[in-house]
Amino acid sequence: MTDHIIMNLHDSIAEIIINRPEKMNAITPEMSEDLARICADIDKDDGVRVVLLRGAGERAFCAGSDLKSLESYDSAWAFRNRVEYGATLRSLRKPVVAALQGWVLGGGLEIMLGADLRVAGTGARFGAPEVIRGWVGGGGASQFLPRLVGYGQAMRLLLTGDHIDAKEAFSLGLVEYLVEDDAVYETARALCRKLAGYSPLAVQSVKAAVRAALSMPLEAGMKYENELTSLCFAAGNYQEGSSAFGEKRPTKYAED
């Protein structure tokens, strides 16, 4: 393990910090492996209900892959079999909230796309510059950007490599919350605390159902949703939700 990927646990919230601010939090292969191990541990830990993802410092959330470290792959086959950090974040069953400040570029954009909710500061800047360097991003931008912002806007960002500011990202639907830079972290933390107060089974079922909608035909997706709903009812969480509503109090869910 390096000290470039840090995980702290506070009140059922696992906070993952990409900790390489001197390099704009660019990610090396070793950092990808650390991130994969941390995410696997988070999914196995029932005490973790929500994940908060951020970059260290204010200059960048993440500038993507450390280009110099790409030289460490001795062949295209080795690169093909790498640990892909964008996919690692997307594989988490628990909801992920990304707190975004500064530059969000390339693989950093792809990590952000793997989150479920995104809180951006007004000073954040977004871009997919891979085409300028001579390749296409391999962490999901070409697949998830069209689903999030539509074909035309995705093509504009991916074909030109142009940067956009936070206000435009918010207007396109690339991020869900836009706040002042000094409010990004606390806004993201408050959102995590809110989600952590809900039934873990219900929250993870919502994520599973919506993710399934990205790849399933409608009819299959509807059936899958119904199975998840039945699972939630079988677990009995609805009883606490109904009681709390009737008693006009907050819900109190034990670990599912």
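These numbers come from a predicted model, not from an experiment.

(A) Molecular detail of the sheet that holds strand 4 (residues 60-62). Ordered by their spatial adjacency, four strands build an open sheet running 4-6-8-9, and the pairing between neighbours is mixed. Lying at the two open borders of the sheet, with one neighbouring strand each, are strand 4 and strand 9 (164-165). Across three bridges, strand 6 (residues 103-105) lies against strand 8 (residues 125-127) in parallel orientation. Directly across from Leu105, in strand 8, lies its bridge partner Gly127.

(B) Focus on the sheet that holds strand 5 (residues 96-100). The mixed open sheet is built from six strands, whose spatial order is 1-2-3-5-7-10. Taken across any chain shown, the strands that pair with only one partner, and hence form the sheet edges, are strand 1 (5-10) and strand 10 (177-179). Averaged over all adjacent pairs, the angle separating strand axes in this sheet is 20°, with direction ignored. Of the strand pairs in this sheet, strand 7 (residues 117-121) and strand 10 are connected by three bridges, and their pairing is parallel. What sits directly across from Val119, in strand 10, is Tyr177. Helix 9 (residues 184-196) rests against strand 1, strand 2 (13-18), strand 3 (50-55), strand 5, strand 7 and strand 10 of the sheet, and its axis sits at about 165° to strand 3.

(C) Structural view of the pattern of salt bridges. Per the counting criterion, the structure on display carries eleven salt bridges. The shortest N-O distance in the salt bridge between Glu15 and Arg189 comes to 3.9 Å. Here Glu15 is found in strand 2, whereas its partner Arg189 is found in helix 9, with 174 residues between them in sequence. Since its relative accessible area comes to 3%, Glu15 is described here as buried.

(D) Quick look at helix 4 (residues 107-114). In terms of residue burial, helix 4 counts as a mostly covered element, since eight of its eight residues are buried. Taken together, the buried positions of helix 4 are occupied by Gly107, Gly108, Leu109, Glu110, Ile111, Met112, Leu113 and Gly114.

(E) Up close: helix 11 (residues 218-235). Relative to the 26 Å expected for 18 residues at 1.5 Å per residue, helix 11 spans 26 Å between its end C-alpha atoms, a close match to the ideal helical length. Note on helix 11: the residue one or two positions beyond its end, Gly236, has a positive phi of about 85°.

(F) Just the side chain of Thr88, in detail. Residue placement: Thr88 occurs in helix 3 (residues 85-90). Classification of Thr88 as buried rests on a relative accessible area of 10%. Here Thr88 is in contact with Leu35, Ala36, Cys39 and Val83, once residues within four sequence places are set aside.

About the cut-offs
Residues numbered from 1 in each chain as written. Predicted model: local features only at pLDDT ≥ 70, side-chain atom pairs only at ≥ 80, totals over all residues. Heavy atoms only, no water. Pairing = 2+ DSSP bridges. Helix = DSSP H or I, 4+ residues; strand = E, 2+ residues; numbered from the N terminus. Axes fitted to C-alpha atoms, helices over the stretch in contact; angles between N-to-C directions. Contact = heavy atoms within 4.5 Å. Salt bridge = Lys/Arg side-chain N within 4 Å of Asp/Glu carboxyl O. Buried < 20%, exposed > 50% of the residue type's maximum accessible area, 1.4 Å probe, protein only. Expected span 1.5 Å × (residues − 1).

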